[in-house]
Amino acid sequence: MHIESVELRELRIPLVSPFTTSFSTQLERNTLVLKVSGTTDGPNGPVETVGWGECGSLSDPYYNSEYTAGARAMLREYLVPTLRKSQSDQPLTAETVGSVLHHITECRSSTSTSRSPSSCSSVR
């Protein structure tokens, strides 16, 4: 896939019931939704392709080290730029994304989201 545009949207989804821990009660869940548009090589030439992905980390880093703003920053500042840059070296496929991102660590939700061919995130 050749990435042409990437969109990141944050959704606030109300929970059916409150999620309470010893430090807070959450009434909604923030989710990052990722849309990647580009082209892939088809049998008759380039084919327009759109893929979607989702990163459902918690809003704050109190339960674990992953949180929405951190995942958003990791996607914008590291993952998507790395994927875009790699396009000049090799075709970007589901099989190559993991090896392209192997040097980026400790952002499990955003790297696993971006390792599917349908999801990456950043500003266009």
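Residues numbered from 1 in each chain as written. Predicted model: local features only at pLDDT ≥ 70, side-chain atom pairs only at ≥ 80, totals over all residues. Heavy atoms only, no water.

> For the pattern of salt bridges, give the residues involved together with the corresponding values.
If you walk through the whole model with that rule in mind, you get three salt bridges. Here Arg 9 ties to Glu 7 by a salt bridge, and the two come within 2.7 Å at their closest N and O atoms. On the basis of relative accessibility, which here comes to 52%, the residue Arg 9 falls in the exposed class. Judged by relative accessible area, which is 16%, Glu 7 ranks as buried. Residue Arg 72 pairs with Glu 10 through a salt bridge whose shortest N-O separation is 2.3 Å. Taken together, the positions of Arg 72 in helix H1 (residues 68–86) and Glu 10 in strand E1 (residues 2–20) put the pair 62 residues apart, joining distant regions of the chain. Overall, Glu 10 belongs to the partly exposed group, its relative accessible area being 29%. (Salt bridge = Lys/Arg side-chain N within 4 Å of Asp/Glu carboxyl O. Buried < 20%, exposed > 50% of the residue type's maximum accessible area, 1.4 Å probe, protein only. Helix = DSSP H or I, 4+ residues; strand = E, 2+ residues; numbered from the N terminus.)

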